[in-house]
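One letter stands for each residue in the lines below.
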Amino acid sequence: MKETLLQRWQQVTEQIDKACADSNRDSVTLLAVSKTKPAQMIVELAQAGQVHFGENYLQEAAEKMAEIKELGASSPATQAIVWHYIGHIQRNKTRDIAENFDWVHTIERDIIAKRLNDQRPDDLGKLNVLVQVNIDNEDSKSGCLPSELDKLIATIKGYDKLSLRGLMIIPSKEGTDAFERTKKLFDEIKQAHPELTQWDTLSMGMSGDMEQAIAQGSTMVRVGSAIFGARE
């Protein structure tokens, strides 16, 4: 019998709970990566209690956000959705991202951070941001290099409409200690910058490696196919 969306979601939440228990962790945030999936699926999960959703493509996300407002106009669950942008950011897309998302995981350059800050509407409060680190120095991956982190952090922390929360990585398939190295970086930055009072988020781990990521200190796992099924 084919598993339903809610059954798959429940299995993932149970896996996360077990990984947390095994690692003596209190909790880890589940980010449901809903790219290419219909708005109705997001509404169904939101009504079941899922809060955080991640999107990679701006136009697709904007269309779904509008549809969800119609589908669940009077639903507290859909109104409580927290939207995360987890795709590559082009300069000409920063205004729409700043106006529509609660979190951005993929800042790798100062120019993008500055534009997001300048274009964030005053009435929305601060935009939560993560720096994407190219932890394995792969040509095919976005992200700043670990050696570039200090300079970028020093700049971002000066932007008054951004709240710098932590780091995000997509490790190489061959990388065996990327999670451990990123946690070390995260802790070093926390120690060096006590003024970053909200430095609390490590976005690492996906459907295939979330247990390993949690064991190494991840606070947020980005899970798509294990919840929504294979992409079309």
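Rules and cut-offs
- Residues numbered from 1 in each chain as written.
- Predicted model: local features only at pLDDT ≥ 70, side-chain atom pairs only at ≥ 80, totals over all residues.
- Heavy atoms only, no water.
- Salt bridge = Lys/Arg side-chain N within 4 Å of Asp/Glu carboxyl O.
- Helix = DSSP H or I, 4+ residues; strand = E, 2+ residues; numbered from the N terminus.
- Buried < 20%, exposed > 50% of the residue type's maximum accessible area, 1.4 Å probe, protein only.
- Expected span 1.5 Å × (residues − 1).
- Arc of directions from axis to C-beta.
- Contact = heavy atoms within 4.5 Å.

**Digging into the pattern of salt bridges**
Side chains that carry opposite charge are capable of pairing whenever their charged atoms lie near each other.
Okay, step 1: Scanning the model with the defined rule gives 12 salt bridges in all.
Okay, step 2: In this structure, Lys 64 engages Glu 60 in a salt bridge whose closest nitrogen and oxygen atoms are separated by 2.6 Å. Here Lys 64 and its partner Glu 60 are both found in helix H3 (residues 58-71), four residues apart, which amounts to about one turn of the helix.
Okay, step 3: A relative accessible area of 6% means that Lys 64 is categorised as buried.
Okay, step 4: Between Asp 118 and Lys 114 there is a salt bridge whose closest N-O contact spans 2.7 Å. Placement of both Asp 118 and Lys 114 in helix H6 (residues 110-119) is noted, with a separation of four residues, approximately one turn of the helix.
Okay, step 5: For Asp 118, a relative accessible area of 46% translates into the label partly exposed.
Okay, step 6: What makes Lys 114 partly exposed here is its relative accessible area of 37%.
Okay, step 7: Ionic contacts of the salt-bridge type, sharing partners, join the residues Glu 55, Glu 60 and Lys 64 into one network.

**Some thoughts on helix H1 (residues 5-22)**
Okay, step 1: Helix length check: H1 (18 residues) gives 26 Å between terminal C-alpha atoms against 26 Å at 1.5 Å per residue, within 8%.
Okay, step 2: Within the sequence span of H1, burial applies to Leu 5, Arg 8, Trp 9, Val 12, Thr 13, Ile 16, Ala 19 and Cys 20. End-on view of H1: buried residues confined to an arc of 135°, all on one side of the axis. Residues Asp 17, Lys 18, Ala 21 and Asp 22 are exposed on H1 and point more than 90 degrees away from its buried face.

**Concerning helix H7 (residues 149-156)**
Okay, step 1: Looking only at H7, the buried set comprises Leu 149, Leu 152, Ile 153 and Ile 156. Viewed end-on, H7 has its buried residues packed into an arc of 100°, placing them on one side of the element. Seen from the buried face of H7, the exposed residues on the opposite side, beyond 90 degrees, are Asp 150 and Lys 151.
Okay, step 2: Of the surrounding secondary structure, the elements contacted by the buried residues of H7 are strand S4 (103-107), H6, strand S5 (127-133), strand S6 (162-169) and helix H8 (178-192).

**Here's the deal with the side chain of Arg 165**
Okay, step 1: Looking at the element boundaries, Arg 165 is found in strand S6.
Okay, step 2: Discounting residues that sit within four places of it in the chain, Arg 165 has contacts with Trp 103, Asn 128, Val 129, Leu 130, Phe 186, Gln 198, Trp 199, Asp 200 and Thr 201.

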